[in-house]
Amino acid sequence: MRSVVLVVALSLPLPAFAAGAKEIKASVYSCSEIAQIIRQNKKVFVRVGFGGRSFRYPPAQCSMGEKRTSTSFRDAGGKQCILDYACVFDPASPYNFP
């Protein structure tokens, strides 16, 4: 049972969860290039190591059950990127309860 919970928890940040989003790898682009891609495509899934983050631009367009927050990750050069328009799972949202 614990294995099933672990598999489900690790599979949440999949691109299928962010359907219709362009997928890019953070290890390929610089911080400024990632920010520009997000602005141009409006909906982007940034692959960061094993998981990833979903970004939408402008920030007010997060889906129901998500909240807007800032997030950080490393780019191709190892520089710390801090973006303020990440859409992440909101456990307090009434849309996330069955």
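Small disclaimer: the values here were computed from a predicted structure and weren't measured.

About the criteria used
Every chain begins its residue count from 1, and numbering advances along the sequence as written. Totals for whole chains, interfaces and linings use every residue, but because this is a predicted model, local features are given only for residues with pLDDT of at least 70 and side-chain atom pairs only at 80 or more, for both listing and counting. Think of the side-chain values as coming from all heavy atoms in the structure, minus any hydrogens and water. Whether a residue is buried, partly exposed or exposed follows from its accessible area with a 1.4 Å probe, protein chains only, as a fraction of its type maximum: under 20%, in between, or over 50%, in that order. The numbering of helices and of strands both runs from the N terminus, where a helix is a DSSP run of H or I of at least 4 residues and a strand a run of E of at least 2. To obtain the arc, one takes the directions from the helix axis to the C-beta atoms. Contacts between residues were defined by any pair of non-hydrogen atoms, one from each residue, lying within 4.5 Å. Summary of the metric used: pLDDT quantifies the predictor's per-residue confidence within the range 0 to 100.

**Q** Is there a simple way to explain helix α2 (residues 31–41) in this structure?
**A** Since there are 3.6 residues in each turn of an α-helix, residues three or four apart along the chain are aligned in direction. All of the buried residues along α2 are Cys31, Ile34, Ala35, Ile37 and Ile38. Taken down its axis, α2 places every buried residue within 160° of arc, on the same side. In α2, the exposed residues that point more than 90 degrees away from the buried face are Ser32 and Gln40. Contacts made by the buried residues of α2 are with β1 (22–25), β2 (43–48), β3 (51–56), β4 (66–74) and β5 (80–89). Backbone geometry just after α2 places Lys42 at a positive phi near 70°.

**Q** Where do I start with the confidence of the model for the protein in this structure?
**A** Atomic detail in the predicted coordinates should be set aside for any region of low pLDDT. With 78% of its residues at a pLDDT of 70 or more, the protein shows a mean pLDDT of 75. Contacts of residues 4–10 to residues separated by more than four positions or lying in other chains number one contact, the stretch itself having pLDDT below 50. Note on residues 12–18: pLDDT under 50 across the span, and 12 contacts to partners over four residues away in sequence or across chains.

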